[in-house]
Amino acid sequence: MSNSWSSLVENMGDYLAPSMAKDHPNLPVVKAEGCYYYGLDGKTYLDFTSGIAVANTGHRHPKIVQSIKDAADQLMHGPSGVIMYESILKLAKSLGEILPGDLNCFFFANSGAEAIEGALKLAKYATKRPYAISFTGCFHGRSLGALSVSTSKSKYRKYVNPSHLTYHLPYANMQACPEGKDPETFCINELEKHFEELFKHQVTPEEVACVILEPVLVEGGYIIPPKGWLKKIRDICDQHGILLIFDEVQTGFGRTGEWFATQTFEVTPDIMAIAKGIASGLPLSATVASKELMSKWPAGSHGTTFGGNPIACSVALTTLEIMKEERLLDNAKVVGQYATEKLKKMKKNHPIIGEIRSVGLMIGIEMLNPKTKKPDGNAVMKILDYALEQGVLFYLCGNEGEVIRMIPPLTVTKEQIDDGLSKLEKALHQFEKEFKIEAVSNI
Ligand code: PLP
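The following refers to the structure shown. Throughout this document, residue positions are counted from 1 along each chain, in the order its sequence is written. Whole-chain, interface and lining totals are the exception, using all residues; otherwise, since this is a predicted model, local features are given only for residues with pLDDT of at least 70 and side-chain atom pairs are given and counted only at 80 or more. Remark: hydrogens and water are excluded; side-chain values derive from all non-hydrogen atoms of the structure.

1. With respect to the sheet that holds strand S6 (residues 166-170)
Hydrogen bonds between backbone atoms are what pair the strands of a sheet, whose relative direction is either parallel or antiparallel.
Okay, so step 1: On the basis of which strands lie adjacent, the open sheet formed by 7 strands has the order S4-S10-S9-S8-S7-S5-S6 and mixed pairing. Since the sheet does not close on itself, it has two edges, and those belong to strand S4 (105-109) and S6, each with one partner. Averaged over all pairs of adjacent strands, the angle between strand axes in this sheet comes to 20°, irrespective of strand direction.
Okay, so step 2: The pairing criterion for strands is at least two bridges between them, as found by DSSP. Helical segments are the DSSP runs of H or I of at least four residues, strand segments are the runs of E of at least two, and each set is numbered from the N terminus. Two strands pair when backbone bridges link them, and strand S9 (residues 271-274) and strand S10 (residues 285-289) are joined in this way by 4 bridges, in the antiparallel orientation. Looking at the pairing, Met-272 lines up with Val-288 of S10.
Okay, so step 3: Here helix H6 (residues 86-98) sits on the sheet in contact with S4 and S9, set at roughly 125° to S4. Axis definition: a line fit to C-alpha positions, over the contact stretch in the case of helices; interaxial angles, taken between N-to-C directions, run 0 to 180 degrees. Contacts are assigned to residue pairs with any non-hydrogen atoms lying within 4.5 Å of each other.

2. Re helix H16 (residues 414-434)
Three or four residues apart is the spacing at which side chains of an α-helix point the same way, because the helix has 3.6 residues per turn.
Okay, so step 1: By this rule, a helix spans an expected 1.5 Å times one less than how many residues it contains. In a regular helix each residue adds 1.5 Å, so 21 residues correspond to 30 Å; H16 covers 30 Å between its end C-alpha atoms and thus fits that length.
Okay, so step 2: With a 1.4 Å probe rolled over the protein chains alone, any residue whose accessible area is under 20% of its type maximum counts as buried; one over 50% counts as exposed, and the rest are partly exposed. Taken together, the buried positions of H16 are occupied by Gln-416, Ile-417, Gly-420, Leu-421, Lys-423, Leu-424, Glu-425, Ala-427, Leu-428, His-429, Phe-431 and Glu-432.
Okay, so step 3: Positive backbone phi, at 50°, marks Lys-436, one or two positions downstream of H16.

3. Quick look at the side chain of Thr-319
Okay, so step 1: The residue Thr-319 is located in helix H13 (residues 310-325) in this model.
Okay, so step 2: Look at Thr-319 and you get buried, because its relative accessible area is 0%.
Okay, so step 3: Here Thr-319 is in contact with Thr-57, Ile-64, Gly-277, Ile-278, Ala-279 and Ser-280, once residues within four sequence places are set aside.

4. Describing the sheet that holds strand S15 (residues 403-406)
Okay, so step 1: The 4 strands lie next to each other as S11-S12-S15-S14, forming an open sheet whose pairing is antiparallel. A single partner strand is all that each edge strand has here, and the edge strands are strand S11 (353-359) and strand S14 (395-397). Shown here is a sheet whose adjacent strand axes are inclined to one another by a mean of 25°, direction ignored.
Okay, so step 2: For strand S12 (residues 362-367) and S15, the ladder comprises 4 bridges, and the chain directions are antiparallel. Paired with Ile-365 across the strands is Ile-404, a residue of S15.
Okay, so step 3: Strands S11, S12 and S15 of the sheet are contacted by helix H14 (residues 328-349), whose axis makes an angle of about 170° with S11.

5. Points about the pattern of salt bridges
Opposite charge on two side chains permits pairing when their charged atoms draw close.
Okay, so step 1: Salt-bridge detection follows one rule: a side-chain nitrogen of Lys or Arg within 4 Å of a carboxyl oxygen of Asp or Glu. Enumeration according to the criterion identifies 18 salt bridges in this entry.
Okay, so step 2: For Lys-342, the salt bridge is made with Asp-418, and the minimal N-O distance between the two is 2.9 Å. Of this pair, Lys-342 sits in helix H14 while Asp-418 sits in helix H16, and the two are 76 residues apart along the sequence.
Okay, so step 3: Since its relative accessible area comes to 27%, Asp-418 is described here as partly exposed.
Okay, so step 4: Salt bridges here are not isolated pairs; linked through shared partners, they connect Lys-31, Glu-33 and Arg-60.

6. Some thoughts on the nonpolar core
Okay, so step 1: By convention a nonpolar core is built from buried Ala, Val, Leu, Ile, Met, Phe, Trp, Tyr and Cys residues, the set being connected through side-chain atoms within 4.5 Å. Formed by 108 residues in total, the largest nonpolar core has its most connected members in Leu-95, Phe-135 and Leu-213.
Okay, so step 2: Among the elements that make up this core, the one with the highest residue count is H13 (9 residues).
Okay, so step 3: Aside from chain neighbours lying at most four places away, what touches Leu-213 is Phe-135, Cys-138, His-140, Tyr-171, Trp-229, Leu-230, Ile-233, Leu-244, Ile-245, Phe-246 and Asp-247.
Okay, so step 4: Listed in part, the 26 residues of the second largest apolar core include Ala-115, Ala-132, Ala-209 and Ala-289.

7. Thoughts on the site of the ligand
Okay, so step 1: We call a residue near a molecule or strand whenever a single non-hydrogen atom of that residue lies within 4 Å of it. All residues in the neighbourhood of the ligand are listed as Ser-111, Gly-112, Ala-113, Phe-139, His-140, Gly-141, Glu-214, Asp-247, Val-249, Gln-250 and Lys-276.
Okay, so step 2: At 2.8 Å from an oxygen atom of the ligand is found a main-chain nitrogen or oxygen belonging to Gly-112.
Okay, so step 3: Two N or O atoms form a polar contact when they lie within 3.5 Å of each other; inside protein one atom must be a possible hydrogen donor and the other a possible acceptor, and for residues adjacent in sequence the pair counts only when both atoms belong to side chains. In the environment of the ligand, an oxygen atom lies 3.2 Å from a nitrogen or oxygen atom belonging to the side chain of Lys-276.
Okay, so step 4: All accessibility values rest on the Shrake-Rupley procedure with a 1.4 Å probe; residue burial counts only the protein chains present in the view. Taking 390 Å² as the accessible area of the ligand by itself, protein coverage stands at 80%.

Don't take any of this as a statement about function, it's just geometry.
Below you can see the structure in the form of structure tokens.
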């Protein structure tokens, strides 16, 4: 490393909390553009992480950069509640047009966790009920309220477990379906059983404010539930006057090939939390509900200093424009399908690959130990490192880190997919050679 800050990188543990400094792979970069990161080491890296599903329009899209400059020339800070400005109002109107049903009233904040806090508080305030139900494996953020409903990893909750007002039910698990049975029916039956047991033994439905879940289990391993399972949750909520919250922090803004997963799965929640891809990298998020529901929450019951920042709102409007002009939802569907098919072919040559799970451009590549068929998080770490050496950056998910998480910008081309996956395959071969795993080699 030659740059003036390379010594800071080497000693970053002295300046940054370990939880900031030591996530994996933590590539030092000097610049980003489109689907590429430019490393401090002078190398170019294909980015298949989108900064964890944020840079959906690609890094530093020229229209986004211009939009930041234009907005900064006018107004850099609100706060809403003291002054009012055009971008926040226009954004609320535009987002309402792409969201289903009457989800068109917004509380803007800065991060995914804040949007979840807002959703939980709104549900409890509006119903005057204390309890939430969430699903095992879901991740909703790290602030205490969001953490109370997050169970993707117990290490996040250690010593601070705040879930005394939450009940947890198992997420849909099609892998557990006995052979010969229909996985969707199996998951629905299991779900009904779990709710029945919960309501019989632990909490009455009249005390439950909300059911919260990710419509696709993200940190939990990119698990895609059957549509009917989500519909059944909607029915159970309706039956008992419980509000349904979808955490679309990661599934939103075209990631699944529709604007939101709620449209992919045709189930509309009462409240949604959205963030990440909303403003192409600027911090912005929102809790969304109908005007009727939001109006149960009087002024002062929730608030923010920075939420709905004027520059971030302007950039979110430009993000929507780009997504429409460049037909990024279609690209997510077409290129996502293309990548999935390629990966399924690749699986035939590599016994370590388990399931390939995908919807749009969110793709999970599960790694199982070829002998034991158990999840292999250590293998994923190695393969990610080898892939990085080849010049492509992936992320990981799954309770044991056993799933390679592939979330390229929605602008990604088939050629970039070919390039990234051929680099991944080289990394797999390197791993198999080192650990003497028999691959059906064709490289
Ligand atoms: N919900 C989901 C589904 C997420 O993936 C994340 C972050 O990865 C969050 C909530 C929390 O968002 P943030 O890190 O912006 O607080």
